[in-house]
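Tertiary structure, described
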Amino acid sequence: MARGGLIIFDYLLDESEDMHSLLLTDSSTLLVGGLQNHILEIDLNTVQETQKYAVETPGVTIMRQTNRFFFCGHTSGKVSLRDLRTFKVEHEFDAFSGSLSDFDVHGNLLAACGFSSRLTGLACDRFLKVYDLRMMRAITPLQVHVDPAFLRFIPTYTSRLAIISQSGQCQFCEPTGLANPADIFHVNPVGPLLMTFDVSASKQALAFGDSEGCVHLWTDSPEPSFNPYSRETEFALPCLVDSLPPLDWSQDLLPLSLIPVPLTTDTLLSDWPAANSAPAPRRAPPVDAEILRTMKKVGFIGYAPNPRTRLRNQIPYRLKESDSEFDSFSQVTESPIGREEEPHLHMVSKKYRKVTIKYSKLGLEDFDFKHYNKTLFAGLEPHIPNAYCNCMIQVLYFLEPVRCLIQNHLCQKEFCLACELGFLFHMLDLSRGDPCQGSNFLRAFRTIPEASALGLILADSDEASGKGNLARLIQRWNRFILTQLHQDMQELEVPQAYRGAGGSSFCSSGDSVIGQLFSCEMENCSLCRCGSETVRASSTLLFTLSYPEGSNSDKTGKNCDFAQVLKRSICLEQNTQAWCDNCEKYQPTIQTRNIRHLPDILVINCEVNSLKEADFWRVQAEVAFKMAIKKRGGEISKNKEFALADWKELGSPEGMLMCPSIEELKNVWLPFSIRMKMTKNKGLDVCNWTDGDEMQWGPARAEEEHGVYVYDLMATVVHILDSRTGGSLVAHIKVGETYHQRKEGVTHQQWYLFNDFLIEPIDKHEAVQFDMNWKVPAILYYIKRNLNSKYNLNIKNPIEASVLLAEASLARKQRKTHTTFIPLMLNEMPQVGDLVGLDAEFVTLNEEEAELRSDGTKSTIKPSQMSVARITCVRGQGPNEGIPFIDDYISTQEQVVDYLTQYSGIKPGDLDAKISSKHLTTLKSTYLKLRFLIDIGVKFVGHGLQKDFRVINLMVPKDQVLDTVYLFHMPRKRMISLRFLAWYFLDLKIQGETHDSIEDARTALQLYRKYLELSKNGTEPESFHKVLKGLYEKGRKMDWKVPEPEGQTSPKSAAVFSSVLAL
């Protein structure tokens, strides 16, 4: 419920019997408890249940929270103290033998009141139970002189307690002192009993609720402050029935309805006959002459700029301040589009602006991505070089046949964009709203020579300053990625999953499924002036819009449908110089293009790269707007006044039913659907298609047999012109039913805005509205209706167990004597739940970019770009437990600026295939091994695995990660290094001069075994909590440093693995 009392949402609990308690743990998380044996955790942003905690003692009626524990009061009279992170019971107080009435916590004290069992039943106990949370034991009970039903701490000057009885008696006393009968006050409730009691956050007000629904407010000052930084409280108006205000008859405007009149059937004095009365409406003030002079009429509505001669809502315009707000930004736009007289007047909507990540000392751990994305779809992080293509990656992902095809693809090429895109799509599938990053895909993208030749790889300086024309760049990238995927797919046989529903293959021997989805077969005819004609067949994966000649000079508003421009672009006819075999020289020829086969997915590059094309879109949108208004029954006239009949006609419901609003019709030229028909003479008919046309012509599926196809708009990629940030690229995508079914369990379609990691549902009209001053179309995707039904969309994991077997090293000097691992044998293949110790080492490709603020603090602008250099996996069970089966050094073609030898153990030359003596592999080879382990269901044990998986670019389910950083960690305490944990628990001294990933992975496994031993497999959290306390006390004494002298040993001893620890 909102502050004003409006209901934001209702949430129905399925398995709940009787709910009694709520606890808001932070701004977006709510705990709900009642008379069942579990407590639910609800995310208020997504309005979904995120966790279900089992409660050993059912019946949670009261919940409190401090910075140490969750406190749960049970109907059995017990109070349990639970861990803030795991919700496991750490302590329990048996307060009352009957039932618990209320309790409160302040500082180190817990006070409770309740009922005790007597021979006649339950009786209210006049002794308050007080517990010291430092020693976890009860202290002297406090005897009071009222029957306590509610109590609260009021810590102002001292820790006072307010004890309230249901009859209205209120007593104040100290929890460790004696209660004085003189401190008893009485509340006069309207009802017979008090039902609830609470204290404001400022401790300046007490609120009592009685059984008649009245709230009694007590304060210690005439104007109390109820909350920190509180606004003025709005109280309900008092009842005016008993004291009526006096009425002045001389006031002509005084409403007589203030006089309460009884209901009667007699004629009232005010019921004057019509002959004696005439309506005299109050005259409206005259309209400003400047408004009438500048007003333009659209339909029956007049629009005029505000002359700013009158006050609006009694608030004056602040011209100077509003102008200075815009003038503070740069006025230079990156594109000639929008360079008008006052480009700063066109402000970019907030959700379309370029989003950036604010880095802190913890990196990304405390950045709130949920503020930007409240859906379960995954965004993409923008800080990686050349991440301008994030929007197009999302478009390809939400094309269901493309997603399934890419994820079924796997080849042996080191830098295959189709493989890397499939890995990224797999991460987007697994994510539940958390953002992903395409670092491995973009790494492979930067190695493709064609991408560099086409100018698709931006330098960091150009990307940060926005010097590149992003609209042209993303259109070239669109053509490149389709061509590259087409070539990658041609090299492999078509997977069995991509055969048609009837069983026949969709592609020929020389084609690919990408070609069948996107390719359009054409005939190019060249006609020379000598009469000779040359015809050759070709295909294209996308089309570029070709606008009519003279479109920039034609400002009269000539109507030109999008379908006409599209047909002109597909069936292109142009005059050009070409070689004629008959004339044996270059001659002027007429080249025409005819369509032989239409694609399943129609991709269009808009090519709005100059003011000429932008003006064409703007004029056509204005013409379409005027035609839509006329179609609704209105007429845009240049006269300044409407006849009364026009207003009545426009206000009739016949023309207004089921029509979009005026705002939704503005800046719209693009249709949601188009209809294409192949004619017998190899021609093509294209027209805009609406729902009304479908009712007239029938369903599109029935006409496909006659060469008629309906294409629906699926995505639009737009270029946002923002002079302040250099511009950005966003996508509007119509997400289909299958994606909603997998992520949210519902079947519906919805348009979304994808702006890197910002994802927001939008209205469908917003996807086709283009205000050319700041929102310019770049790419359009139309798909055939019922496209998914033509394909078998099953995904078969292409990664097999053979990736874990022995493989050759890329290093020329590597010998068997240098081998540091033993590959898995066939009888050692991991199973679900097996343990694998993992550690990774990294090198730096780009240094961190930071700035120093005026107060001396450092602000991270862009984090350092890391690349994985070594990955080690150690067996976690079996006779060879502790022996590595993966120890791969990752070859890199990019320049390394820092090998971080002190922390990684990687030396210059270790990653060079010419001189390295290590087992050198490609990143893709090792990535496949880890993907197979994840898919098979193993559990990874390591120290700081979150960062490792992030740099490797893997999405691992949380239940498959056992991180010793969090196993040996207390809430709100520092993280402990692996070196200190190994010294304290295992009597091992590791990471002396450099780090070794085999040693670290093996140590993490030993620490996990030690954790199971100390916590009795997690069954005794209290004893393990004491161990952690000792660990933190020892760490503070030693300043978290491991002693260097050999004589000093660890205070703990631990069993070392019985298996082989060295090779």
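Residues numbered from 1 in each chain as written. Predicted model: local features only at pLDDT ≥ 70, side-chain atom pairs only at ≥ 80, totals over all residues. Heavy atoms only, no water.

1. A few points about the sheet that holds strand β8 (residues 89-94)
Pairing within the open sheet is antiparallel, and its four strands lie in the order β5-β6-β7-β8. Of all strands in the sheet, those bounded by a partner on one side alone are β5 (60-65) and β8. Taking each pair of neighbouring strands and ignoring which way they run, the sheet shows an average axis angle of 20°. Relative to strand β7 (residues 78-83), strand β6 (residues 69-74) runs antiparallel, the two sharing five bridges. (Pairing = 2+ DSSP bridges. Helix = DSSP H or I, 4+ residues; strand = E, 2+ residues; numbered from the N terminus. Axes fitted to C-alpha atoms, helices over the stretch in contact; angles between N-to-C directions.)

2. Quick notes on the confidence of the model for the chain
Mean pLDDT for the chain: 81, with 83% of residues reaching 70 or above. Segment residues 1047-1063: pLDDT under 50, and 39 contacts once partners within four positions in sequence are set aside and those in other chains are kept. (pLDDT = per-residue confidence, 0-100. Contact = heavy atoms within 4.5 Å.)

3. Structural notes on the pattern of salt bridges
Overall, the coordinates contain 28 salt bridges when judged by the stated rule. We note a salt bridge from aspartate 102 to arginine 152, for which the minimum N-O separation is 2.7 Å. Pair noted here: aspartate 102 is in strand β9 (residues 99-106) and arginine 152 is in strand β15 (residues 150-155), with a separation of 50 residues, a long-range link. One connected set of salt bridges, linked through shared partners, spans Arg64, Asp102, Asp104, Arg152 and Asp198. (Salt bridge = Lys/Arg side-chain N within 4 Å of Asp/Glu carboxyl O.)

4. Quick look at the packing of helix α23 (residues 997-1015) against helix α24 (residues 1021-1037)
As a packed pair, α23 and α24 sit with axes 8 Å apart at the nearest point and diverge in direction by 120°. When the axes of α23 and α24 are compared, the pair comes out oblique. Contacts between α23 and α24 pair Tyr1011, Leu1014 and Ser1015 from the former with Ser1023, Phe1024 and Val1027 from the latter. The residue makeup of the contact of α23 with α24, split by class, is four nonpolar, two polar and no charged. (Parallel < 35°, antiparallel > 145°, perpendicular 65-115°, else oblique. Nonpolar A, V, L, I, M, F, W, Y, C, P; charged D, E, K, R; others polar.)

5. Focus on a nonpolar patch on the surface
On the surface, Leu247, Trp249, Leu256, Leu258, Ile259, Val261 and Leu268 cluster together to form a nonpolar patch covering roughly 710 Å² of accessible area. Note that leucine 268 resides in the loop between β21 (215-219) and α1 (289-294). (Patch = residues over 30% accessible without salt bridge, like charges linked within 9 Å, V, L, I, M, F, W, Y side chains within 5 Å. Areas by Shrake-Rupley, 256 points an atom, 1.4 Å probe, with all protein chains shown as cover.)

6. Quick look at the packing of aromatic side chains
What the rule picks out here adds up to 41 aromatic pairs. A ring pair is formed by phenylalanine 93 and tyrosine 131, whose centres lie 4.4 Å apart and whose planes are at 5°; its orientation type is stacked. Remark: tyrosine 131 occurs in strand β12 (residues 127-132) and phenylalanine 93 occurs in strand β8; sequence separation between them is 38 residues. The same class applies to phenylalanine 93 and to tyrosine 131, which are both buried. Geometrically, the ring pair formed by phenylalanine 980 and tyrosine 984 is stacked, given 6.4 Å between the ring centres and 10° between the ring planes. Of the two residues, phenylalanine 980 and tyrosine 984 are both situated in helix α22 (residues 978-986); the distance of four residues between them amounts to about one turn of the helix. We classify phenylalanine 980 as buried; its relative accessible area is 1%. (Phe/Tyr/Trp six-rings, centres within 6.5 Å; stacked < 30°, edge-to-face > 60°. Buried < 20%, exposed > 50% of the residue type's maximum accessible area, 1.4 Å probe, protein only.)

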